[in-house]
Amino acid sequence: MDLEKALRTVEIEPIRSLTFAEVGQIVQNFSQRLTLAFPNSELKLANVMEKMFECHMFLADIPDNLGNANYFYKTQAIYFKLNANFETLDDYIVHECIHYFQDIRDEKRELQRMGLCRFREFKIYNMALNEAAVQYITSKALESKKEEINYGGLTIKTTSPKYYPVLTSLMEQIAFLLGDDAVVESTLFSTDRFTFELMDVIGERNFNKIQSGFDKILEIRQTAYEDIAKQESLIANEYIKIQNILIQEYFKGALVFVETKDDANEYKRKIENFKDYIKDYDNLKTYEKIKEKQLEKLSKKTISINKAKMLTVVKHNIFIDLFRKLQEWIFSEEYKIKK
Ligand SMILES: [Zn+2]
């Protein structure tokens, strides 16, 4: 009864459960797309399908302002609009299926985590980071192409121009720097890898700044503004600030982890290709400055890596020479005579 009441508060009215065939179609499409998009991750088709088959799915009357699919955490079920297409799947369906997949409960069935998002008694943490990561994964699963959009006077590249375009664009940049594995693992299996790996490079203080910047974007977006241009420019402002932290802090922090020639090449590739994400004039200026400084530091570091390598080779040779000489001496006639 409580759950029905809760459903009414979000104006969702279930009509009927989906048939086994309908559920099968969604589960198969979703699981295949997800596992194909991230072949190097821990995702296994059979495991994803097994978990998704446990989800209750309903056709429902859903208000127009909500999407084709809605995961409701209180009932742990997904509600689909009558016109939802289970064959091709859209952003809403994939996004909401991921929400079901990432839902973690304690023994009392209280919600603990959803991917990057943590639920505590009085506060929810990392909500916006999680939404961005879920949409980033959704876009990849649907093979959405990157598009340039104008937003609040800014040009932004995003794989999700209609749904969380700004947050998704920022998550794409973080995923480019950190790699997909950390994003996928922490978003789908609710682990701390994403947080710790990013914190390791940029530090806790900067991580918190990024996290609250994401929350601010979500908050502005969910607030009703009469002046849409004003709302978009406030969001664009937060976008620039977060991108600036990534430019200023990521490459500085990541240089510490460069230990081999391969690391150095990877670092160079990242710093050079990151330019592709920056369309704002001031951020571009900052980026060029940081890039020049960091590449200079990198070349010094590469020289010392090479020197260290040469030293080990030389040391190694001295050791071998000594050993050989000793061997020769032991087995020499002289040695036998002395004995
Ligand atoms: Zn969501």
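Quick caveat, the model's predicted, so the values are computed rather than measured.

Re the sheet that holds strand β2 (residues 56-61)
- The sheet built from four strands is open, its strands ordered β1-β2-β4-β3 with mixed pairing. Looking along the sheet, the strands with just one partner apiece sit at the ends: β1 (13-17) and β3 (69-72). The sheet shows a mean angle of 35 degrees between the axes of neighbouring strands, direction not considered.
- In this structure, β3 lies alongside strand β4 (residues 77-80), joined through four bridges in antiparallel fashion. Paired with Asn 70 across the bridge in β4 is Tyr 79.

Things to note about the sheet that holds strand β5 (residues 103-105)
- Strands sit in the order β5-β6-β7-β8 across an open sheet of four strands; the sheet is antiparallel. Of all strands in the sheet, those with a lone pairing partner are β5 and β8 (124-125), marking the two edges.
- When strand β7 (residues 117-119) meets β8, the two strands line up antiparallel, connected through two bridges. Looking at the pairing, Arg 118 lines up with Tyr 125 of β8.

Topic: helix α10 (residues 228-254)
- Between its first and last C-alpha, α10 extends 38 Å over 27 residues, near the 39 Å set by a 1.5 Å rise per residue.
- Of all the positions in α10, only Ile 235, Ala 236, Glu 238, Tyr 239, Ile 242, Gln 243, Leu 246, Ile 247, Glu 249, Tyr 250, Phe 251 and Ala 254 are classed as buried.

Observations concerning the nonpolar core
- Ile 78, Cys 97, Ala 132, Ala 133 and Leu 167 are the most contacted members of the largest nonpolar core, which has 75 residues in total.
- The element that contributes the greatest number of residues to this core is α10, accounting for nine residues.

Section: unusual backbone geometry
- Positive phi outside glycine occurs at Glu 11, with the angle close to 60 degrees.
- Its location among the elements puts Glu 11 in the loop between α1 (2-9) and β1.
- The phi dihedral of Leu 89 is positive, around 60 degrees, even though this residue is not glycine.
- In this structure, Leu 89 sits in the loop between β4 and α4 (91-102).

Some points on the packing of helix α5 (residues 127-141) against helix α7 (residues 180-189)
- It is the contact of α5 with α7, at a shortest axis distance of 10 Å, that shows an interaxial angle of 110 degrees. Compared by their axis directions, α5 and α7 come out roughly perpendicular. Of the two elements, α5 crosses α7, and the hand of that crossing is left-handed. Residues Asn 130, Ala 133, Val 134, Tyr 136 and Ile 137 of α5 pack against Val 183, Val 184 and Thr 187 of α7.

A look at the packing of α7 against helix α8 (residues 193-202)
- Direction vectors running N to C along α7 and α8 enclose 140 degrees, while the axes themselves pass 7 Å from each other. In terms of orientation, α7 lies oblique with respect to α8. Along the contact surface, α7 presents Ala 182, Val 183, Glu 185 and Ser 186, while α8 presents Arg 193, Phe 194 and Glu 197.
- Grouping the amino acids of the contact of α7 with α8 by side-chain chemistry returns three nonpolar, one polar and three charged.

Focus on the environment of Gly 179
- Among the secondary structure elements, Gly 179 is positioned in the loop between α6 (165-178) and α7.
- Given 14 C-beta atoms within a 10 Å radius, Gly 179 is considered partly exposed.
- When the C-alpha atoms of Gly 179 and Ile 15 are compared, they prove to be 42 Å apart, with 164 residues separating the residues in sequence.

Some details on the environment of Ala 6
- Following the sequence through the fold, Ala 6 ends up in helix α1.
- For the pair Ala 6 and Phe 72, spaced 66 residues apart in sequence, the C-alpha separation works out to 9.5 Å.

Comments concerning the pairing of β4
- Neither face of β4 is open: one carries Ala 77 and Tyr 79, the other Ile 78 and Phe 80, and all of them are buried.
- With four bridges connecting them, β2 and β4 associate as parallel partners. When the bridges of β4 are listed, Met 57 appears paired with Ile 78.

Regarding the pairing of β2
- The sheet contact formed by β1 and β2 spans four bridges and is antiparallel. Bridging across to β2, Glu 13 finds its partner in Asp 61.

Description of α1
- By the criterion of burial, α1 is predominantly exposed, with just zero of the eight residues buried.
- Glu 11 occupies a position one or two residues after α1 and carries a positive phi of about 60 degrees.

Rules used throughout
- Numbering of residues begins from 1 in every chain and follows the order in which that chain's sequence is written.
- With pLDDT at 70 or above as the cut-off, local features in this predicted model cover only qualifying residues; side-chain atom pairs require 80 or more to be listed or tallied, and sums for whole chains, interfaces and linings still use all residues.
- Strand pairing is defined by DSSP finding a minimum of two bridges between the two strands.
- A helix here means a DSSP run of H or I that spans at least four residues, while a strand means a run of E at least two residues long, and both kinds are numbered starting from the N terminus.
- Working convention: axes come from line fits to C-alpha atoms, limited for helices to the stretch in contact. Angles between N-to-C directions cover 0 to 180 degrees.
- Every helix has an expected span of 1.5 Å times one less than the residues it contains.
- Counting other C-beta atoms within 10 Å of each residue's C-beta, where C-beta atoms are placed from the backbone, gives the exposure class: buried for 20 or more, exposed for 12 or fewer, partly exposed between.
- Take the buried Ala, Val, Leu, Ile, Met, Phe, Trp, Tyr and Cys residues, join any whose C-beta atoms are within 7 Å, and the set you get is a nonpolar core.
- Note on terminology: angles under 35 degrees are roughly parallel, angles over 145 are roughly antiparallel, angles of 65 to 115 are roughly perpendicular, and the others are oblique.
- In this scheme the handedness of a crossing depends on how the near helix is turned from the far one: anticlockwise by less than a right angle means left-handed, clockwise means right-handed.
- Two residues form a contact once the distance between their C-beta atoms, set from the backbone, is within 7 Å.
- When residues are grouped by polarity, Ala, Val, Leu, Ile, Met, Phe, Trp, Tyr, Cys and Pro land in nonpolar, Asp, Glu, Lys and Arg in charged, and all others, Gly among them, in polar.

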